[in-house]
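A closer look at the structure
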Amino acid sequence: TAGWSDAQQVPLAGDASTRRYTRLKLGEKTAMLMEDPDGDVGRFAQLARHLLSLGLSAPQIFAEAPGLLLLEDFGDDLVSKLAKTSDAEKQLYITATDALIELHKHPALETLPVATADALAQMTDLSFTCYAANAGHPNPSAQTATVAALKPLLDHFGAPENIMILRDYHAENVLFLPERKGAAQAGLLDFQDAMIGHRAYDLASLIHDARRTPLEGTGEACV
């Protein structure tokens, strides 16, 4: 019904979720089909429209149905990809940071969950319930001790502010859109788990990335 039924379909690599992505090609046009039968695509669409209203680059929503979204295609120019082959790594990270600065100028949506110290401390559970358990080393007492140790630190250093944190903000979730200007050059993805939190959260995720070290060996700070 959205006019893309005759499009060529090119499946893309998935992520650590039930979501699946397919690039649709119809002549010179492309779009992205998101399938998430177990998720809340309406939440993604709501947050995308909110980010767009702030002048940031979330994907336009072309069509919406239960478990399905037809999205604007931002292409393949991930910051992580361009930073490997380009001497513009520092500027790419500055652009990604500019998007956060612009986001933080606006109050968070009141409907978002709050990243309290307790909630953030509990989010370390995958280290124990997934990684350690799958390696054959389950350690419930270490999990309990970790949560207990983190909570007072998060209370002191990471108390939530009235800003939206995108959560999974790193170089493999940000695309570079050179035809746009300013903070809109950062194409935003994977923000459906956004919360109300501390303004340092996304910046720390971007810079202290387990997948890659920004400006490694240059002696420079990226921001």
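In the block above lies the structure referred to throughout.
So, here's what we can say about the structure. Since the model is a prediction, treat every value here as computed from it, not as a measurement.

Assigned secondary structure in the protein chain consists of seven helices and nine strands. In terms of overall size, the protein chain behaves like a compact globule, its C-alpha atoms giving a radius of gyration of 19 Å where 223 residues would be expected to give roughly 17 Å. Its C-alpha atoms give the protein chain principal-axis dimensions of roughly 55 × 40 × 40 Å. Looking at the protein chain as a whole, 40% of its 223 residues are labelled buried. Contacts in the protein chain between residues far apart in sequence, at least 24 positions, make up 67% of those at least 6 positions apart. For the protein chain, the computed accessible surface area is about 12,200 Å², with 54% contributed by carbon and sulfur atoms. Between the mean site of the 18 positive side-chain charges and the mean site of the 30 negative ones, the protein chain shows a separation of 3 Å.

Along the chain, Asp73 falls in the loop between strand S5 (68-71) and helix H2 (79-85). Separated by 2.7 Å, the side chains of Asp73 and Arg23 make a polar contact. At 2.9 Å, the side chain of Asp73 and the side chain of Thr30 are in polar contact. Contacts of Asp73, omitting those with residues within four sequence positions, involve Arg23, Thr30, Ala31 and Met32.

What follows covers the sheet that holds strand S3 (residues 29-35). Within the open sheet, the five strands sit side by side as S1-S2-S3-S5-S4. Their pairing is antiparallel. Two strands lie at the open edges of the sheet, namely strand S1 (8-11) and strand S4 (61-65), each paired on one side alone. Across the sheet, the mean angle separating the axes of adjacent strands is 20° when strand polarity is ignored. By the bridge criterion, four bridges tie S4 to S5 in an arrangement that is antiparallel. Residue Glu64 lies in a different strand from S5, and its bridge partner there is Leu69. The sheet strands contacting helix H1 (residues 41-53) are S3, S4 and S5, and the helix crosses S4 at an angle near 155°.

This brings us to the pattern of salt bridges. Evaluated as defined, the whole model comprises 12 salt bridges. Salt-bridge contacts for Arg23 lead to Asp76; the nearest nitrogen and oxygen are separated by 3.1 Å. Placement of the pair is Arg23 in strand S2 (residues 20-26) and Asp76 in the loop between S5 and H2, with a sequence separation of 53 residues. Arg23 sits in the buried class, given a relative accessible area of 9%. Of the charged contacts in the structure, one is a salt bridge between Arg49 and Glu64, with a shortest N-O distance of 3.4 Å. Of the two residues, Arg49 is situated in helix H1 and Glu64 in strand S4; the sequence distance between them amounts to 15 residues. If you follow the salt bridges from partner to partner, you end up with Arg23, Asp73 and Asp76 in one network.

Moving on, we get to the packing of aromatic side chains. Here the distance between the centres and the angle between the planes together describe a pair of aromatic rings. Taken as a whole and judged by the stated rule, the model has one aromatic pair. Measuring from ring centre to ring centre gives 4.5 Å for Phe44 and Phe191, while their planes differ by 15°; the resulting arrangement is stacked. Of this pair, Phe44 sits in helix H1 while Phe191 sits in the loop between strand S8 (186-188) and strand S9 (195-197); the two residues are 147 residues apart in sequence, bridging distant segments of the chain. In this structure, Phe44 and Phe191 share a single accessibility class: buried.

For the rest of this paragraph, the subject is the pairing of S3. Along S3, five of the seven residues are buried, which leaves the element largely enclosed by surrounding structure. Note: S3 against S5, four bridges, orientation antiparallel. Bridge pairing links Glu35 to Leu68 in S5.

Let's shift gears to the nonpolar core. Core analysis: the biggest nonpolar cluster contains 38 residues, and Leu51, Met164, Leu166, Tyr169, Leu188 and Phe191 have the highest contact counts within it. Looking at this core, the elements that each hand over two or more residues are S3, H1, S5, H2, helix H3 (89-103) and S8. Ignoring any residue separated from it by four or fewer positions in sequence, one finds Met164 in contact with Leu47, His50, Leu51, Leu103, His104, Ala108, Leu112, Ala194, Met195 and Asp202. Counting six residues, the second largest nonpolar core, distinct from the first, contains Trp4, Ala7, Leu24 and Leu70.

Calculation notes
- Residues numbered from 1 in each chain as written.
- Predicted model: local features only at pLDDT ≥ 70, side-chain atom pairs only at ≥ 80, totals over all residues.
- Heavy atoms only, no water.
- Helix = DSSP H or I, 4+ residues; strand = E, 2+ residues; numbered from the N terminus.
- Rg over C-alpha atoms; globule rule 2.2 N^0.38 Å.
- Buried < 20%, exposed > 50% of the residue type's maximum accessible area, 1.4 Å probe, protein only.
- Contact = heavy atoms within 4.5 Å.
- Areas by Shrake-Rupley, 256 points an atom, 1.4 Å probe, with all protein chains shown as cover.
- Lys, Arg positive; Asp, Glu negative; His and termini not counted.
- Charge placed at Lys NZ, Arg CZ, Asp CG, Glu CD.
- Polar contact = N/O pair within 3.5 Å; in protein donor to acceptor, adjacent residues only side chain to side chain.
- Pairing = 2+ DSSP bridges.
- Axes fitted to C-alpha atoms, helices over the stretch in contact; angles between N-to-C directions.
- Salt bridge = Lys/Arg side-chain N within 4 Å of Asp/Glu carboxyl O.
- Phe/Tyr/Trp six-rings, centres within 6.5 Å; stacked < 30°, edge-to-face > 60°.
- Core = buried A, V, L, I, M, F, W, Y, C linked by side-chain atoms within 4.5 Å.

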